[in-house]
Amino acid sequence: MNILILGSGGREAAIAACLEKEGRTVYALPGNGGIANSIPGSAVDRDAVLAACRKYDISYCVVTPDDPLAAGMVDYLQEHGIPCFGPTARAARIESSKAFAKDLMHRYGIPTAKAMTFSSLDQALAFVRTLKTFPVVIKADGLALGKGVSIVQDLEEAAQMLRAMMEDGRFGSAGRTVVIEEFLTGPEVSVLSFTDGRTIIPMVSAMDHKRACDNDQGPNTGGMGTIAPNPYYTEEVAKECMEKIFLPTLSALRKEGCPFSGCLYFGLMLTQDGPKVIEYNARFGDPETQVVLPLLQGDLLEIMTACTDGTLDKVRISFSDEACCCVILASEGYPGRYEKGRPITIDGPLEGQIRIAGALRNGNGDLVTNGGRVLGIVAKAPTLAQAVEAAYRDVEKIHFEGCQFRHDIGRRALEA
Ligand code: AMP
Ligand code: GLY
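Residues numbered from 1 in each chain as written. Chains lettered and ligands numbered in written order. Predicted model: local features only at pLDDT ≥ 70, side-chain atom pairs only at ≥ 80, totals over all residues. Heavy atoms only, no water.

S.K.: Just to check I follow, could you spell out the site of ligand 1 for this structure?
M.R.: Contacts to ligand 1 come from 14 residues, most closely from Glu 181, Glu 182, Leu 184, Glu 188 and Glu 279. At a separation of 2.7 Å, a nitrogen atom of ligand 1 approaches a polar side-chain atom of Glu 181. A distance of 3.2 Å separates an oxygen atom of ligand 1 from a polar atom in the side chain of Lys 210. For the shell around ligand 1, the secondary structure elements donating two or more residues are strand E6 (136–140), strand E8 (178–182) and strand E16 (274–281). Split into classes, the residues belonging to the shell around ligand 1 amount to seven nonpolar, no polar and seven charged. (Near = heavy atom within 4 Å. Polar contact = N/O pair within 3.5 Å; in protein donor to acceptor, adjacent residues only side chain to side chain. Helix = DSSP H or I, 4+ residues; strand = E, 2+ residues; numbered from the N terminus. Nonpolar A, V, L, I, M, F, W, Y, C, P; charged D, E, K, R; others polar.)

So this is what it looks like as structure tokens:
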């Protein structure tokens, strides 16, 4: 059986590692320098993807990144007879339009930050002038590579950000509509789940580290490291999330005529008033996936196809009670501008796994940097402290010029 994964990150490398088994060949498009069978091309180019499916005799496609999902890749491939893991474009709006997600949560009573949506700059400005407390959070409606969220400290900063997004086109069309929302505080938890639209099976919880620098300083990034499980996500919190957030979200999407199948990601904040949704993703998160999948027991393909076929209630899924830590090594300058093409060397055997992301093989077959987040180091151990130590011992063995990483992945979880 031949399987195709669309995407090119460390997450895709982690999924590929889980799907590989005797009798299966796993391809990735465009893949990267660490995934065998990478097929050049663009994951949003429908015709190229369909042509690759035909050429490589693909019988199942895992559509991983946000942009092909939002553009309807699953709808398109399924119309052409290729079953997929992932939601339709209409269901993926839960991520691709924050205004859609907010409206859904408001109408179905799903706990989230209070918010207002604006497409008119004048109305948005008039609204922020009435606010008595700052900070507030301004979010681009559409997909913005994880950079579309700003926390503004006063009226002046709010007005500047609204003009930049709604008038000057920062984030392009994604920022012409904005969501302005209440600033919440509390520990953050990422919960990825498998769902076929009716049955939902949450995976082990994770904690992302989104800021670029130690102690949560510096700009927001796609994620600089993760640990699993997240110690703040107790059984009691999990139960509350299932009742008040997970099941109501699935049911809301069904009632809206766009049932969700695939991996539904809940970005949660555990506030004094209980867990609230910060964001949904219509896909596996990265780098969360890199720490969650190594703890999964069972065959990922069997679970994925059950999501596609609507038979998830028949599948048993369990997670190991070990812990996992992922430290991302990034290019100097990330999430801003960075150089590419820097040679990567690895000294000797690693204790954990290396998940290549923004790196490729040059003409000589050598691994060189090619993206912001270059690779993830993933270690699994009986305790979180051991996993963190093992990951950082491996980090010492990887070298490239300008390598940038956080030194405190897992620290907050260990102190919890
Ligand atoms: P998002 O892309 O929506 O997950 O937002 C990125 C990050 O911004 C989140 O992980 C939070 O740390 C922060 N954030 C988003 N919304 C809020 C909010 N309403 N209150 C406080 N922080 C937020
Ligand atoms: N790590 C968060 C995300 O994948 O969006």
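S.K.: Please explain the environment of Gln 272 as it appears in this structure.
M.R.: Relative to the helices and strands, Gln 272 resides in the loop between strand E15 (262–271) and E16. Judged by relative accessible area, which is 84%, Gln 272 ranks as exposed. A C-alpha to C-alpha distance of 9.4 Å links Gln 272 and Leu 184, two positions 88 residues apart in sequence. (Buried < 20%, exposed > 50% of the residue type's maximum accessible area, 1.4 Å probe, protein only.)

S.K.: Help me understand the site of ligand 2 in this model?
M.R.: Lining the immediate environment of ligand 2, one finds Asp 208, Gly 222, Tyr 265, Asn 281, Arg 283, Gly 285, Asp 286, Pro 287 and Glu 288. At 3.3 Å, a backbone N or O of Gly 222 approaches a nitrogen atom of ligand 2. Here Asn 281 contributes a side-chain N or O atom positioned 3.2 Å from an oxygen atom of ligand 2. A total of 200 Å² of accessible area belongs to ligand 2 in isolation, and the protein chains cover 88% of it. Of the residues contributing to the shell around ligand 2, the split by class is two nonpolar, three polar and four charged. (Areas by Shrake-Rupley, 256 points an atom, 1.4 Å probe, with all protein chains shown as cover.)

S.K.: What's the story with the side chain of Glu 181 in this structure? I'm lost.
M.R.: Checked against the element boundaries, Glu 181 lands in strand E8. According to the relative accessible area criterion, Glu 181 is buried, its value standing at 4%. Engagement of the side chain of Glu 181 in a polar contact is seen with the side chain of Lys 139, the distance being 3.1 Å.

S.K.: Help me understand the nonpolar core in this model?
M.R.: When a protein is soluble and globular, its nonpolar side chains tend to lie buried together. Core analysis: the biggest nonpolar cluster contains 48 residues, and Leu 4, Leu 77 and Ile 94 have the highest contact counts within it. With seven residues, the single largest contributor to this core is helix H9 (residues 235–255). What Leu 77 contacts, discounting residues up to four positions off in sequence, is Val 49, Leu 50, Cys 53, Cys 61, Ile 82 and Cys 84. Counting residues in hydrophobic clusters, the runner-up holds 40 residues, among them Tyr 60, Val 204, Leu 293 and Leu 296. (Core = buried A, V, L, I, M, F, W, Y, C linked by side-chain atoms within 4.5 Å. Contact = heavy atoms within 4.5 Å.)

S.K.: I'm lost on the packing of aromatic side chains in this one. Help?
M.R.: Two aromatic rings, taken as a pair, are described by how far apart their centres are and by the angle between their planes. Throughout the structure, instances matching the rule amount to seven aromatic pairs. Both rings, one in Phe 194 and one in Phe 284, keep their centres 6.3 Å apart while their planes meet at 80°; by these two values the pair is edge-to-face. Placement of the pair is Phe 194 in strand E9 (residues 188–195) and Phe 284 in the loop between E16 and helix H10 (288–292), with a sequence separation of 90 residues. Accessibility classification places Phe 194 together with Phe 284 in one group, the buried group. The rings of Phe 85, Phe 194 and Phe 284 are connected pair by pair, giving a single aromatic cluster. (Phe/Tyr/Trp six-rings, centres within 6.5 Å; stacked < 30°, edge-to-face > 60°.)

S.K.: Can you help me understand the packing of helix H7 (residues 121–129) against helix H8 (residues 155–166) in this one?
M.R.: When two helices pack together, you describe them by how their axes are tilted relative to each other and by the distance separating the axes. Across the interface, H7 lies against H8 with an axial gap of 10 Å and an inter-helix angle of 165°. Taken together, the axes of H7 and H8 are roughly antiparallel relative to one another. The interaxial crossing formed by H7 with H8 has right-handed handedness. Facing H7, whose interface residues are Leu 121, Ala 124, Leu 125, Val 128 and Arg 129, H8 presents Leu 155, Ala 158, Ala 159, Leu 162, Arg 163 and Met 166. Per-class residue counts for the contact of H7 with H8 are nine nonpolar, no polar and two charged. (Axes fitted to C-alpha atoms, helices over the stretch in contact; angles between N-to-C directions. Parallel < 35°, antiparallel > 145°, perpendicular 65-115°, else oblique. Left-handed = near helix turned anticlockwise from the far one by under 90°.)

S.K.: Please clarify how the pairing of strand E19 (residues 323–330) should be interpreted in this entry.
M.R.: A regular strand places its side chains on the two faces of the sheet in alternate fashion. Burial of E19 is extensive: eight of the eight residues sit out of reach of the surface. Residues Ala 323, Cys 325, Val 327 and Leu 329 point to one face of E19 and Cys 324, Cys 326, Ile 328 and Ala 330 to the other, with burial holding for every one of them. Relative to E19, strand E14 (residues 225–228) runs antiparallel, the two being bridged by four bridges. Note on E19: the bridge partner recorded for Thr 226 is Cys 326. By the bridge criterion, eight bridges tie E19 to strand E24 (residues 373–381) in an arrangement that is antiparallel. By the bridge assignment, Cys 324 is partnered in E24 with Lys 380. (Pairing = 2+ DSSP bridges.)

S.K.: It is not clear to me how the sheet that holds strand E2 (residues 25–30) should be interpreted in this structure. Could you clarify?
M.R.: Pairing between the strands of a sheet is mediated by backbone hydrogen bonds and can be parallel or antiparallel. Read across the open sheet, the four strands follow the order E2-E1-E3-E4; overall the sheet is parallel. The open sheet is flanked by E2 and strand E4 (84–85), the only strands paired with a single partner. Looking at chain direction, strand E3 (residues 58–63) and E4 are connected through two bridges and run parallel. Its bridge partner being in E4, Val 62 is matched across the sheet by Phe 85. Contacts from helix H2 (residues 46–55) reach strand E1 (2–7), E2 and E3 within the one sheet, and its direction differs from that of E1 by about 160°. Taken strand by strand, helix H11 (residues 300–309) contacts E1, E3 and E4, and its axis lies near 85° from that of E3.

Structural measurements only, silent on function.
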